[in-house]
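# Geometric and topological summary
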Amino acid sequence: MSFNLDSALSLYSIPAVWATAFYPVTIKVGISCVQPRQNLERAKATSNVDKATCDAIARYEGAHLNGMENLPLWFAAILAGHFAGLSHRTMNIVSAAYISTRLLYNYVYINQTTAAQSNIRSALYFAGLAMPMTLLFKAANRLHTASTLFSYRA
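Residues numbered from 1 in each chain as written. Predicted model: local features only at pLDDT ≥ 70, side-chain atom pairs only at ≥ 80, totals over all residues. Heavy atoms only, no water.

## Structural notes on the overall build of the protein chain
Applied cut-off: Helix and strand assignments come from DSSP, with helices taken as H or I runs of at least 4 residues and strands as E runs of at least 2, each series counted from the N terminus. Throughout, exposure labels follow a simple rule: accessible area from a 1.4 Å probe, protein chains only, divided by the maximum for the residue type, with under 20% read as buried, over 50% as exposed, and the rest as partly exposed. In this analysis, two residues are considered to be in contact whenever any of their non-hydrogen atoms come within 4.5 Å of each other.
Of regular secondary structure, the protein chain possesses five helices and zero strands. A total of 154 residues make up the protein chain; the buried ones form 34% of that total. In the protein chain, 74% of the contacts between residues at least 6 apart in sequence involve partners at least 24 apart.

Pasting the structure below:
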């Protein structure tokens, strides 16, 4: 199996992007696995958990939720790109860039403590958002062009 930019690797980005969305929740769970969605409220109610820890749990949860919210868009972009026959090179480069952006986004989100850092997080979010949108528009344009080339009027 050859691993180069001209081979079909971008479908592997689907589980990779899922992993970037899922890993923050595995780190923040610590308090209770029975009802993990209540961990933040439970931590706030516990007198031995300080505000900084509660804030960190909230950031982990936010990074996880943001990743999960973005999964459908990424999945659609990858599948649309393959369906439309976009080049493997384009798909692979955008996939690698998106995974890298999501990892960096998570890092900044989890570690941010200032408004300036949150602005960096937002910039990373919009940079990442541009990638699946680019694939979707490229796929749509390619399919539109193909449909106009091969359409005929009776």
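## Looking at helix 4 (residues 88–111)
We apply this condition: To estimate the expected span of a helix, subtract one from its residue number and multiply by 1.5 Å.
With 24 residues, helix 4 extends 34 Å between its outermost C-alpha atoms, agreeing within 8% with the 34 Å of an ideal straight helix rising 1.5 Å per residue. Listing the buried residues of helix 4 in full gives Met 91, Asn 92, Val 94, Ser 95, Tyr 98, Thr 101, Arg 102, Tyr 105, Asn 106, Val 108, Tyr 109 and Ile 110.

## Examining the nonpolar core
Applied cut-off: Among buried residues, the Ala, Val, Leu, Ile, Met, Phe, Trp, Tyr and Cys ones that are joined through side-chain atoms within 4.5 Å form a nonpolar core.
Trp 74, Ile 78 and Leu 135 are the most contacted members of the largest nonpolar core, which totals 15 residues. Only helix 1 (13–28), helix 3 (51–84), helix 4 and helix 5 (115–149) provide two or more residues apiece to this core. The greatest single-element share of this core, amounting to five residues, is contributed by helix 3. Residues contacting Leu 135, with those up to four places away along its chain left out, are Trp 74, Ala 77, Ile 78, Leu 86, Thr 90, Met 91 and Val 94. Among the nonpolar cores identified, the runner-up in size contains six residues, and Ala 63, Tyr 105, Tyr 109 and Leu 124 belong to it.

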